[in-house]
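# Structural description and commentary
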Amino acid sequence: MSLEITSVNKSFCGWTKHYTHRSTALNCDMRFAIYLPPQTANGQKVPVLYWLSGLTCTDENFMQKAGAQRIAAELGVAIVAPDTSPRGVGVADDDGYDLGQGAGFYVNATQAPWNRHYQMYDYVMNELPQLIEATFPVSDKRSVFGHSMGGHGALVLALRNPDTFQSASAFSPIGNPVDCSWGQKAFAAYLGKDKGAWADYDASLLMRKAKGAVPVLVDQGEADDFLEEQLKPETLEASAKESGYPLKLNRREGYDHSYYFIASFVEDHLRFHAKHLAT
Ligand SMILES: N[C@@H](CCC(=O)N[C@@H](CS)C(=O)NCC(=O)O)C(=O)O
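Counting starts from 1 at the beginning of each chain's written sequence and moves along it residue by residue. With the structure being a predicted model, the display of local features is reserved for residues of pLDDT at least 70 and the display and counting of side-chain atom pairs for 80 or more, all residues being used for whole-chain, interface and lining totals.

## Quick word on the UniProt feature "active site" (unreviewed entry) in the chain
Mapped onto this numbering, the UniProt entry annotates "active site" (unreviewed entry) at Ser-148, Asp-224 and His-257. These annotated residues cover 110 residues of sequence, but their C-alpha atoms sit close together, with the largest distance between any two at 10.9 Å. For Asp-224, the location among the structural elements is in the loop between strand E8 (216–221) and helix H7 (227–231). Those residues in contact with Asp-224, other than ones at most four positions away along the chain, are Ser-172, Leu-231, Asp-256 and His-257. UniProt positions are given in the numbering used here, feature names are shortened, and annotations may be inferred rather than shown by experiment. Runs of H or I in DSSP of at least four residues are treated as helices and runs of E of at least two as strands, each being numbered from the N terminus. Contact criterion: two residues are in contact if their C-beta atoms, reconstructed from the backbone, are within 7 Å.

## A look at the environment of Leu-236
Secondary-structure assignment places Leu-236 in helix H8 (residues 233–243). Given 27 C-beta atoms within a 10 Å radius, Leu-236 is considered buried. In this structure the C-alpha to C-alpha distance between Leu-236 and Ala-203, which are 33 residues apart in sequence, comes to 7.2 Å. If near-sequence neighbours (up to four positions away) are discounted, Leu-236 is found in contact with Gly-175, Asn-176, Ala-203, Ser-204, Met-207, Val-218, Leu-247 and Leu-249. For the exposure call, what matters is how many other C-beta atoms sit within 10 Å of a residue's own: 20 or more marks it buried, 12 or fewer exposed, and in between partly exposed, using C-beta atoms placed from the backbone.

## What to know about the nonpolar core
As a rule of thumb, nonpolar side chains are buried together in soluble globular proteins. Of all hydrophobic cores here, the largest spans 86 residues; its most connected members are Val-77, Ala-78, Ile-79, Val-80, Val-124, Ala-158 and Tyr-190. Not counting residues up to four positions away in its chain, the partners in contact with Val-124 are Tyr-50, Leu-52, Pro-82, Tyr-106, Gly-153 and Leu-157. The nonpolar core is taken to be a set of buried Ala, Val, Leu, Ile, Met, Phe, Trp, Tyr and Cys residues joined by way of C-beta atoms within 7 Å.

## Some words on the environment of Gln-101
Looking at where Gln-101 falls in the secondary structure, it is placed in the loop between strand E5 (78–82) and helix H3 (120–135). Under the C-beta neighbour-count criterion, Gln-101 is labelled buried, with 20 such atoms within 10 Å. Taking C-alpha positions, Gln-101 is 5.8 Å from Arg-87, a pair spaced 14 residues apart along the chain. Discounting residues that sit within four places of it in the chain, Gln-101 has contacts with Ser-85, Arg-87, Val-91 and Asp-93.

## A short note on the site of the ligand
If you check the shell around the ligand, you find 13 residues, and the closest are Gly-54, Leu-55, Thr-56, Asn-61 and Ser-148. Each residue gets one of three labels, nonpolar for Ala, Val, Leu, Ile, Met, Phe, Trp, Tyr, Cys and Pro, charged for Asp, Glu, Lys and Arg, and polar for the others, Gly among them. Taken together, the residues of the shell around the ligand sort by class into five nonpolar, seven polar and one charged. For each residue, a C-beta position is placed from the backbone atoms; the residue is near a molecule or strand when that point lies within 6 Å of it.

## Side note on the environment of Ile-34
Looking at the secondary structure, you find Ile-34 in strand E3 (residues 28–36). Of the residues examined, Ile-34 has 23 C-beta atoms within 10 Å and is grouped as buried. The spatial distance from the C-alpha of Ile-34 to the C-alpha of Ser-143 is 14 Å, given a sequence separation of 109 residues. Filtering out sequence-adjacent residues up to four positions away, Ile-34 remains in contact with Lys-17, Ala-78, Val-80 and Phe-136.

Structure below.
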């Protein structure tokens, strides 16, 4: 399996690194970032927290803007941040920022032309963790978190795979994608018009009937421009109430949708995950 390092920066006595590799699931070259905390310098295996970014992001936004490395170094947790979609010449795309390259929605597309490359669910669930665990000094303990489209992806991964993840969290997740324009546009394109196939990728619908219980933390800014039209945290809360799901959802006064919000609360999320990854 080809793996090429494209940058390395020392950070809080650990290393933020970016790589490219050939992805079998996505049928193209992919990029990801990894933060390796200082504990890995002598070969100690650390647990891994996967970060899934939002619309228009790449493998760079979180590592550059969230300020997570200081606490990850203290806690001895690696963070892996993949790109948000397959990319490249020959990979299907759309003029909108909310479909195509930069907007993979962490689903396995079934519809042409998207199904040739857009298999992001398989990539983040299987191919990428296998590559990470075979390459770096990490254990097989995994948790997942993300933002907006990536918050949706993180919740869906954990709700569908309760035995794989120790914990999940999200900033401003798209909480009920079958019922907002971002989700409807992407799901119609990737999964087709039959809404029966959409339910497997909707955190609110999955949480309503969830049996396994991966603990979930959500932070949502109250001054987020996308709150009412796209994110719908109240639907997630209603689902958790119905099934008795262990969801903690904080509403944060005055915070918007940006990485300024994420940077303000990322420490809480890292400590939440570290506690569950240690058990
Ligand atoms: N209206 C925005 C929507 C995209 C957006 O807000 N993206 C969020 C995730 S949903 C983000 O993290 N952007 C990149 C950044 O802030 O670094 C645009 O057109 O770019």
